[in-house]
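Residues per chain, in single letters:
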Amino acid sequence: MFYYISFLRPPPTQAALSGEPILITPQIANDLRTEYYTDVQDIFYSWSLHSSTPSSVITKPVKLTSWRASTMYKEIPVPPPRNVRNGEYWRLVLSSGTSRKDQVLSLNDENLGCRPFPVLSDPIFFSARSSKAVKQEQIQRSYALSAINRDNPVIFHIIEQTSFDLDKKIWDSGIGLSSWLTQLHSGMIANTALVSRVKDALFASKCNVLELGAGTGIVAVVLSILRGLFNSPVISGKIITTDLPSALPLLQSNITSNQSLYPGNAPKGVVLDWGEPDISTQVASFVSGIDVIVMADVTYNTASFPALVGTLSRLIMFSMNVAPTKSPLIILGYKERDVAERTLWEMAEKIGIRFEEVAQIPGAVGTPVEVWVGTVLVTQ
């Protein structure tokens, strides 16, 4: 399980130039915000200038408070940026350490999740004009991934909603699976026959990937960045990332905001409802079949399992009809919340999919994120 720094009371969208502190209530909890961090944790703040051009103006992290569950509802005053000017936008950054690296979540970190993950607010507009305080509705987290053929890590950003909409938040399995894929690409994962097969498929010059239950889109964004890191100029294949209509605006926003990191090979967000029997529109562009199906944290609602398994069956059938000798691999990022979720494995085997666990990402405490790979055993 991972812990996340976030805002129980977020900062406002606009602040005055009066020099008065900005009131927030920080929070450290699990992905669903249902289990709070039990230890004492120092939280540091800094300010990052937000502008239309790339900016590296960020203030030195300063200790804000020592977070305790016993005082989790306490409002904390945050001094505004020094010498802030009228019309400027600044993001508030909260982290668990004093360095710039502490403000970015490294997916290559073998000790991923040993400390609470950092967070950035939406930009706060500083104005000489007074305005009614309106609380922010989004946060952002910054991620880093490194590759063998690059001197500097790639930094990307994923926006989440502060609401309790499940498809608009980062979940543990999305981060855990993204980390595993990053480390697989970097050669940090021990090879087995199955792991090597996954690596060869995902990072071939041509690979068609379909993601189910994309949420914020972090897994698709990571895959697109990793595939774009090849030295070869000939990288083909598609990444189609899918979810329900309610998730698509935020999903598409995260794809677009990181567009510069995967020029010419951006993932495409589309609606795919597992309850709909016709998937022909979503998969029509996969003229050479589907190489890999990716899923992270799709098991929280056991009532959806028949629809999910039905969708997997239709995807496999489609792919093997257009490419009979090539059955897709299925990669699942999973964290157990209820033992009944594991009936998915039995249901999958009935349609010819056998899952094998290839990794565990332990996080801070409690239940780890598991990575499973499914192979098709029989012709659909």
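Residues numbered from 1 in each chain as written. Predicted model: local features only at pLDDT ≥ 70, side-chain atom pairs only at ≥ 80, totals over all residues. Heavy atoms only, no water.

Draft legend 1. Layout of the sheet that holds strand E6 (residues 76-78). Ordered by their spatial adjacency, 3 strands build an open sheet running E1-E3-E6, and the pairing between neighbours is antiparallel. Looking along the sheet, the strands with just one partner apiece sit at the ends: strand E1 (4-9) and E6. In this sheet, neighbouring strand axes are inclined to one another by 55 degrees on average, regardless of whether the strands run parallel or antiparallel. When strand E3 (residues 22-29) meets E6, the two strands line up antiparallel, connected through 3 bridges. Across the sheet, the residue bridging to Ile-24 is Ile-76, located in E6. (Pairing = 2+ DSSP bridges. Helix = DSSP H or I, 4+ residues; strand = E, 2+ residues; numbered from the N terminus. Axes fitted to C-alpha atoms, helices over the stretch in contact; angles between N-to-C directions.)

Draft legend 2. Inspection of the nonpolar core at higher detail. Of all hydrophobic cores here, the largest spans 52 residues; its most connected members are Tyr-143, Phe-156, Ile-175, Leu-177, Trp-180, Leu-202 and Ile-218. The element contributing the most residues to this core is helix H3 (residues 218-228), with 8 residues. Setting aside its immediate chain neighbours within four residues, Phe-156 contacts Leu-107, Arg-141, Ser-142, Tyr-143, Leu-145, Ile-218, Val-221, Val-222, Ile-225, Asn-258 and Leu-261. Judged by nonpolar contacts, the second largest core, of 32 residues, contains Leu-210, Ile-293, Met-320 and Leu-332. (Core = buried A, V, L, I, M, F, W, Y, C linked by side-chain atoms within 4.5 Å. Buried < 20%, exposed > 50% of the residue type's maximum accessible area, 1.4 Å probe, protein only. Contact = heavy atoms within 4.5 Å.)

Draft legend 3. Just the sheet that holds strand E16 (residues 292-296), in detail. On the basis of which strands lie adjacent, the open sheet formed by 7 strands has the order E15-E14-E13-E16-E17-E19-E18 and mixed pairing. Among the strands making up the open sheet, the edge pair consists of strand E15 (268-271) and strand E18 (353-361). Between one strand axis and the next, the sheet turns by 20 degrees as a mean value, whatever way the strands run. Pairing of strand E13 (residues 209-212) with E16 involves 4 bridges; the strand directions are parallel.

Draft legend 4. Main features of the packing of helix H1 (residues 172-185) against H3. Contact pair H1 / H3: the axes reach a minimum separation of 9 Å and the direction vectors enclose 10 degrees. Between H1 and H3, the interaxial angle falls into the category roughly parallel. Of the residues in H3, those in contact with Gly-174, Ile-175, Leu-177, Ser-178, Leu-181, Thr-182 and His-185 of H1 are Ile-218, Val-219, Val-222, Leu-223 and Leu-226. Tallied by class, residues from the contact of H1 with H3 come to 8 nonpolar, 4 polar and no charged. (Parallel < 35°, antiparallel > 145°, perpendicular 65-115°, else oblique. Nonpolar A, V, L, I, M, F, W, Y, C, P; charged D, E, K, R; others polar.)

Read these as geometric descriptors, not functional statements.
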